[in-house]
Number of protein chains: 2
Amino acid sequence: MFYAFLKKGCFQDSVSLMLISRDLSKADDVKRVSVMMGTPANKDVFRETGMWHELLEQAGPNDVCVVIESDQPQEIAAQVEERLEQALAQLAKGRRSASYPVVHSLSQALRIDPESNLALISVAGSYAHEPAMQALEKNMHVMLFSDNVPIAKEVELKRFAQSRNLIVMGPDCGTSVIAGAPLAFANRMPSGGIGIVGASGTGIQEVCSQIALAGRGITHAIGLGGRDLSAEVGGISAQAALGMLAGDEATRVIVFVSKPPAESVAKRIAELMETLGKPVVALFLGTKPQSRQQGNVWFAESLDEAARLAVELDDAEAVAEALPDAAGCRILGLYTGGTLAAEAAGLSAQLLGLKMPAHHDKGVMLDDQGHQIIDLGDDVYTRGRPHPMIDPSVRNDVLLDIAGKRPVEILLVDVVLGYGSHRDPAGAFAVAYEALKQSSNGACRPICIAAVTGTEEDVQVRSAQIEKLQTAGVVVVRNTRQAILVAARLVRPRRQSSANGAALSLLKQKLHVVNIGLREFAQNLQDCQVPCVQYEWAPVCQGNDRLKKLLSRMK
Amino acid sequence: MFYAFLKKGCFQDSVSLMLISRDLSKADDVKRVSVMMGTPANKDVFRETGMWHELLEQAGPNDVCVVIESDQPQEIAAQVEERLEQALAQLAKGRRSASYPVVHSLSQALRIDPESNLALISVAGSYAHEPAMQALEKNMHVMLFSDNVPIAKEVELKRFAQSRNLIVMGPDCGTSVIAGAPLAFANRMPSGGIGIVGASGTGIQEVCSQIALAGRGITHAIGLGGRDLSAEVGGISAQAALGMLAGDEATRVIVFVSKPPAESVAKRIAELMETLGKPVVALFLGTKPQSRQQGNVWFAESLDEAARLAVELDDAEAVAEALPDAAGCRILGLYTGGTLAAEAAGLSAQLLGLKMPAHHDKGVMLDDQGHQIIDLGDDVYTRGRPHPMIDPSVRNDVLLDIAGKRPVEILLVDVVLGYGSHRDPAGAFAVAYEALKQSSNGACRPICIAAVTGTEEDVQVRSAQIEKLQTAGVVVVRNTRQAILVAARLVRPRRQSSANGAALSLLKQKLHVVNIGLREFAQNLQDCQVPCVQYEWAPVCQGNDRLKKLLSRMK
């Protein structure tokens, strides 16, 4: 049996009421309780969940509706009503004690904080369009947490935003992080060089989580909502977000996470990614990428791989940025390990579009456009001499010989430790590198990048060898792959982004938020020292559209 | 001008002499010095390097040959000779003070250490076949560091070894590690669950290095030499090595590193890998694998990826091994994050060969062969209720509801932290999991595997949430992918290896080495407390083959 009652003219946000109904349902003899505002959408829910009661006919969107299922509803009604009153009183109390200003219109909010530049909206989807458009008209960016916004409204909002160089994140956008400010469902992240664009809330959160686990951080994470890459919406916000991160100097690498875009949108997004002038890691969920990399775009297959690639590329960018400009310089790789030389040559050829030689005469693994990678373990260098891993003078001689003929600009070397190897390969190489730097009369070049193969337990001790190299001014990276990523980034002319960072203002200004809807979001921003005004939104004119139209005419 | 002299009947290993000639060349007025044994191969080197001197005609393989290039060779000859004597005296001294026994025949070595089970051979390639065959005849495994061994000899040795259930590593095998014992060029590695087979010395060393960097370790690393996978040799040692690691209980995951095998060999190796009953990471250097995974074989594209995959799979195996047997059990994934659910479903389908549904009614992302993965963020669960990330009771209710209908065997969950999420999702789930375990009357099942999305800075604190889960008996892994790797490994019937670990004796017995050639290798083994006898090998009968044959007949 069902019992129902209404509490007129007392708008509450849905989540608060849902949590209240969860508590009420714990009352004795109560089978089910449902507490919702009397919006048309919610009335449908009452019907669909078999909790409909005729009294609801009289309910408007500003009325709290309570329906109880119980064997003796009459007996417990009073008890439930009392509990409800207590819960609502609690909410009101919380509101009064809120440390952020609470207002009842957007203009009030802007009077309190004229710098407000983002509206975070979490009111019921059927109403979200109105405050969103208001905010855009005030030149505020918008994040729409609300779901069930009609797609036509989404297109209208995003086209209007586009015309104003603003971005609409969402609707149904669960997660964004702007300069450390958590918008809706977001993790507290260390700041770093990785920017994220995502049409998937938990996708963004998991990539963030894995980046933090790897000890790195993010600049911003921009949510799009699940429909932005549909044919109807056409990826308007995706393009805006990519342009923003391309224009954001702190962002070294961009991660893009979404379901595969609609046919008509995919091409546009792919082309845009190639013009961003930064490495992009693209994860199209549920698809197997044909290739792993094309130009500056790297394709991941899983969330953890996307995060790992981003970290790897961000590290390479960071190392490269700290080095002098070397655009157009030539790479010389002198390797004592044959397989390391082969891997270095293969990856260099892939990243720089070089031709691999069919034969490796004299250990030359790569020799194209002035870039050379040589395997010094080749017979021609070891005939009558010990292997260069045993006798580092082999490499030193070759290096100084080449340096006598042409300037060495970017030098790549391996340092292989372990039994059998020389007792101090780093030290031996450091001497030759010093000599090389002298001969190149103190110019900051040649840049030298080394990767060490070996463990802390090795007789030469990995960390000690790394220190010796660094002391000599050698840049030491984690492995051969990382060395090539850095070198390739150095020699390529830094492509300027041709992306249009129209909505960049969101990242350039300090964030000031007007929170419209769930109060918890305002509290979270407050906790992160982000200026925030709470706009206690309620449907105008009981949500009566005719009355609303009349009213707007009279304005 | 050239000056030469010989030192008769005084065999020295090549590396020692190379290092000596490097020192001698530092003498005043010396342009070049070359010091080598008078073997036919070395005489060629003298000619090719333009250091030939007629006196060398009289030199035999047991004679040290010295050729000096200088403007006044006569004047400095004495000085050079004196330096040579000093260097040779040094070597002899080192030998006498060696802590390992030194003998002059294999039978002497076996008399001193009858348990000797491996011969490490680094004499000149043209002579290596003889001591190698001797060792095999004594039922010893062989590692041939020597290069320039004729391929016909390699085939002969490996076929013979095969007939005796022995393995020949090499020739030209730079690196092996057997139970921590470094053979030739090897790194000191932490012990762990990863076994390596490699036709590339530095390839093995770099994979080892990256595994150690990741904080993991190896069981054994078995080198093959560069030609084992050629059509002529047919991968005899590769098959032996894979069989050995398949039969080695401590080896949970196998990494295989080599250039692509010859056409005729590739198929055999691929088929063998599929029968090993363990995860195999295959890296065929310089090739782009068509797929990333087929059955138990995972294909890597670079050395660091091979190491990373191995670590990931080893971790999953280790977690699974520590859990009760669950072969044939069903997976139930209850996810609050939509993208996490999708990723879990996709990877499960891939690994277990399940069908993905075209539509996701009621958030069912996967439902095949009894395995189910559900996205609890689907509207059907959130209508009139908060999102399960806000209100964990959503998942708890679904879980207990399902548990009421059928046994829950392997349960997968996500725990998403951050702003917006519940303040204690782990604690809330732990309660439901406890209830579930009670209802399944104390059977060790249901096994629960969780991955946490969130950071240490989140209000819920990642580490604290993980601890709560672990306290409740939940297995917590690094990410969704890892959870699926563990679950898939659990439900699959543990396939027994059908590989033939014929040469397994090398891994089962304690290693006792007879080192034939470079003394440094003996010293390294000594340093690692590996019993080792040094066999001071020298060419029989001055390397005169006719005389040698006569002699062998007379024996």
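Since we're looking at a predicted model, the values are computed, not measured.

What counts, and at which threshold
Residues numbered from 1 in each chain as written. Chains lettered and ligands numbered in written order. Predicted model: local features only at pLDDT ≥ 70, side-chain atom pairs only at ≥ 80, totals over all residues. Heavy atoms only, no water. Domains from an automatic or database assignment. Contact = heavy atoms within 4.5 Å. Buried area = accessible area lost by both parts, 1.4 Å probe. Salt bridge = Lys/Arg side-chain N within 4 Å of Asp/Glu carboxyl O. Nonpolar A, V, L, I, M, F, W, Y, C, P; charged D, E, K, R; others polar. Least-squares fit on C-alpha atoms with pLDDT ≥ 70 in both. Buried < 20%, exposed > 50% of the residue type's maximum accessible area, 1.4 Å probe, protein only. Helix = DSSP H or I, 4+ residues; strand = E, 2+ residues; numbered from the N terminus. Right-handed = clockwise from strand over helix to strand, strands pointing away. Expected span 1.5 Å × (residues − 1). Polar contact = N/O pair within 3.5 Å; in protein donor to acceptor, adjacent residues only side chain to side chain. Phe/Tyr/Trp six-rings, centres within 6.5 Å; stacked < 30°, edge-to-face > 60°. Lys NZ or Arg CZ within 6 Å of the ring centre and 35° of its normal. pLDDT = per-residue confidence, 0-100. Pairing = 2+ DSSP bridges. Axes fitted to C-alpha atoms, helices over the stretch in contact; angles between N-to-C directions. Parallel < 35°, antiparallel > 145°, perpendicular 65-115°, else oblique. Left-handed = near helix turned anticlockwise from the far one by under 90°. Core = buried A, V, L, I, M, F, W, Y, C linked by side-chain atoms within 4.5 Å.

Right, let's talk about the domain arrangement of chain A for a bit. Residue and element names in this part refer to chain A. We note that the domain assignment places domain 1 (2-96), domain 2 (105-319 + 504-540) and domain 3 (328-491) within chain A. Each of domain 1 and domain 2 was reduced to a C-alpha centroid, and the two centroids are 35 Å apart. Opposite the 10 residues of domain 1 that make contact, domain 2 presents seven residues. Both faces combined, the contact of domain 1 with domain 2 buries some 750 Å², and carbon together with sulfur accounts for 59% of it. Of all residues in domain 1, F11, D13 and R95 bury the most surface against domain 2, accounting for 54% of the area lost on that side. Inspection of the domain 1/domain 2 interface yields one salt bridge. Note that D13 and R519 form a salt bridge whose closest N and O atoms lie 3.0 Å from each other. Partitioned by chemical class, the residues of the side of domain 1 that touches domain 2 number four nonpolar, four polar and two charged.

So, about the relation of the copies chain B and chain A. With an RMSD of 0.1 Å, chain B superimposes on chain A once it is rotated by 180 degrees and translated 0.0 Å along the axis. Both copies of the chain, as the preceding transformation shows, are related through a two-fold rotation axis. Of every C-alpha in chain B, the one belonging to Q290(B) sits nearest the axis of rotation, 4.7 Å from it. Both copies share a contact surface, since 99% of the interface residues of chain B are interface residues in chain A too.

Within a regular strand, side chains alternate between the sheet's two faces. With six of eight residues buried, strand 10 (residues 191-198) of chain A lies mostly within the body of the structure. Taken together, strand 10 of chain A, helix 7 (residues 201-213) of chain A and strand 11 (residues 218-223) of chain A form a β-α-β motif whose crossover is right-handed.

For the rest of this paragraph, the subject is helix 16 (residues 480-491) of chain B. All names here are of chain B. Given a rise of 1.5 Å per residue, 12 residues ought to cover 16 Å, and the 17 Å separating the end C-alpha atoms of helix 16 matches this to within 8%. Most of helix 16 sits inside the fold, with 12 of its 12 residues counted as buried. Along helix 16, the positions that sit buried rather than exposed are T480, R481, Q482, A483, I484, L485, V486, A487, A488, R489, L490 and V491. The distance from a side-chain oxygen at the start of helix 16 to the backbone nitrogen of R481 is 3.2 Å, and the residue carrying that oxygen is N479.

Residue and element names in this part refer to chain B. Residue placement: E536 occurs in the loop between strand 23 (532-535) and helix 19 (545-554). Residue class for E536 comes out buried when judged on its relative accessible area of 13%. What E536 contacts, discounting residues up to four positions off in sequence, is R95, V102, V103, H104 and R519.

Applying the stated criterion across every chain yields a total of 51 salt bridges over all chains. Measuring nitrogen to oxygen at the nearest pair gives 3.2 Å for the salt bridge that ties E301(A) to R292(B). Of this pair, E301(A) sits in the loop between strand 15 (297-299) and helix 10 (303-321) while R292(B) is found in the loop between strand 13 (280-284) and strand 14 (293-294), placing the two residues in two different chains. With a shortest N-O distance of 2.6 Å, R252(B) and D314(B) are connected by a salt bridge. Here R252(B) is found in the loop between helix 8 (236-247) and strand 12 (253-258), whereas its partner D314(B) is found in helix 10 (residues 303-321), with 62 residues between them in sequence. Residue D314(B) is classed as buried on the basis of its relative accessible area, which comes to 3%. By sharing partners, the salt bridges in this structure join K288(A), E301(A), E305(A), R308(A) and R292(B) into a single network.

As a further point, take the packing of aromatic side chains. Residue and element names in this part refer to chain A. If you walk through the whole model with that rule in mind, you get 14 aromatic pairs over all chains. With centroids separated by 6.0 Å and ring planes inclined at 10 degrees, the aromatic side chains of F429 and Y433 adopt a geometry described as stacked. You can see F429 and its partner Y433 sitting in helix 14 (residues 425-439), four residues apart, about one turn around the helix. Considered together, F429 and Y433 belong to a single accessibility category, that of buried residues. Linked through ring pairs, F11, Y127 and W537 together constitute an aromatic cluster. Directly above the ring of W52 sits R47, whose terminal nitrogen or CZ lies 4.1 Å from the centroid.

Here the focus is the confidence of the model for chain A. Confidence along chain A averages 91 in pLDDT terms, with 96% of residues attaining 70 or more. For this predicted complex, the interface confidence score (ipTM) comes to 0.88, while the overall pTM stands at 0.89.

Here we come to the sheet that holds strand 5 (residues 118-121) of chain B. Residues and elements named next belong to chain B. Overall, parallel pairing links the six strands, which are arranged 4-23-22-5-6-7 in an open sheet. Both outer strands of the open sheet, strand 4 (102-103) and strand 7 (168-169), are each paired with one neighbouring strand and no more. The pairing of strand 5 with strand 22 (residues 513-516) spans four bridges and is parallel. In the sheet register, L118 faces strand 22, and the bridge partner there is V513. Sitting on the sheet, helix 5 (residues 125-137) is in contact with strand 5, strand 6 (141-144), strand 7, strand 22 and strand 23, with an inclination near 160 degrees to strand 6. On the sheet, helix 18 (residues 519-527) packs against strand 5, strand 22 and strand 23 and is oriented at approximately 170 degrees with respect to strand 23.

Here the focus is the pairing of strand 20 (residues 447-453) of chain A. Residue and element names in this part refer to chain A. Of all seven residues that make up strand 20, seven are buried, and the element is covered over most of its length. Burial along strand 20 is two-sided: I447, I449, A451 and T453 and C448, A450 and V452, pointing in opposite directions, are all buried. Relative to strand 20, strand 19 (residues 410-416) runs parallel, the two being bridged by seven bridges. What sits directly across from I410, in strand 20, is I447. Summarising the sheet, strand 20 and strand 21 (residues 475-477) pair through three bridges and their orientation is parallel. Bridged to A451 within strand 21 is V477. You can see the chain leave strand 20, run along helix 15 (residues 462-471) and come back into strand 21, and the turn it takes is right-handed.

Okay, the packing of helix 10 of chain A against helix 16 (residues 480-491) of chain A next. Residues and elements named next belong to chain A. Axis separation between helix 10 and helix 16 bottoms out at 9 Å; the angle between their running directions is 55 degrees. When the interaxial angle is binned, helix 10 and helix 16 end up oblique. The hand of the helix 10/helix 16 crossing is right-handed. Side by side, helix 10 and helix 16 meet where L309, E312, L313, D315, A316, E317, V319, A320 and E321 of the first sit next to R481, Q482, L485, V486, R489 and L490 of the second. Split by residue class, the contact of helix 10 with helix 16 holds eight nonpolar, one polar and six charged.

This part is about the sheet that holds strand 10 (residues 191-198) of chain B. All names here are of chain B. Here we have eight strands laid out as an open sheet, ordered 9-8-11-10-12-13-15-14, and mixed in their pairing. The open sheet has two edge strands, strand 9 (181-184) and strand 14, and neither has a second partner. Across four bridges, the pairing between strand 8 (residues 175-178) and strand 9 is antiparallel. Following the sheet pairing, T175 is matched in strand 9 by A184. Its contacts with the sheet put helix 7 (residues 201-213) on strand 8, strand 10, strand 11 (218-223) and strand 12, and the angle it makes with strand 10 is roughly 160 degrees.

On to the interface of chain B and chain A. Of the residues lining the interface, 71 residues belong to chain B; the matching set on chain A comes to 70 residues. At the boundary of chain B with chain A, total buried surface from both sides reaches about 6,100 Å², with 53% on carbon and sulfur atoms. Three residues stand out in chain B for area buried against chain A, namely F185(B), R292(B) and Y419(B), and they jointly supply 14% of the buried area on that side. Linking chain B with chain A are four salt bridges, by the criterion used here. At the junction of chain B with chain A, the criterion picks out 34 residue pairs in polar contact (both at pLDDT 80 or more). Going through the elements one at a time, helix 1 (14-24), helix 2 (40-48), strand 9, helix 7, helix 10, helix 11 (338-352), strand 20 (447-453) and helix 18 of chain B are the ones with two or more residues in the side of chain B that touches chain A. Here the element with the most residues in the side of chain B that touches chain A is helix 7 of chain B; it accounts for eight residues. Considering only residue class, the side of chain B that touches chain A consists of 25 nonpolar, 23 polar and 23 charged.

Residue and element names in this part refer to chain A. At a minimum axis separation of 10 Å, helix 5 (residues 125-137) and helix 6 (residues 151-163) run at an interaxial angle of 5 degrees. When the axis of helix 5 is compared with that of helix 6, the two are roughly parallel. Of helix 6, the residues touching helix 5 (which contributes H129, A132, M133, L136 and E137) are K153, E156, L157, F160 and A161. A per-class count over the contact of helix 5 with helix 6 returns six nonpolar, one polar and three charged.

Attention shifts here to the nonpolar core. A general tendency of soluble globular proteins is for nonpolar side chains to be buried together. Counting residues in each nonpolar core, the largest one holds 235 residues, and the members touching the most others are I410(A), I449(A), I410(B) and I449(B). If we ignore the near neighbours within four places in the chain, the residues touching I449(A) are I410(A), L411(A), L412(A), V413(A), V474(A), V475(A), V477(A), A483(A), V486(A), A487(A) and L490(A). Grouped together as the second largest cluster of nonpolar side chains are 29 residues, L334(B), Y381(B), V398(B) and V452(B) included.

Attention now goes to the environment of Q294(B). Residues and elements named next belong to chain B. Within the secondary structure, Q294 sits in strand 14. For Q294, a relative accessible area of 42% translates into the label partly exposed. Spatially, the C-alpha atom of Q294 lies 35 Å from that of S463, the residues being 169 residues apart in sequence. Within polar-contact distance, the side chain of Q294 engages the side chain of S291 at 3.2 Å.

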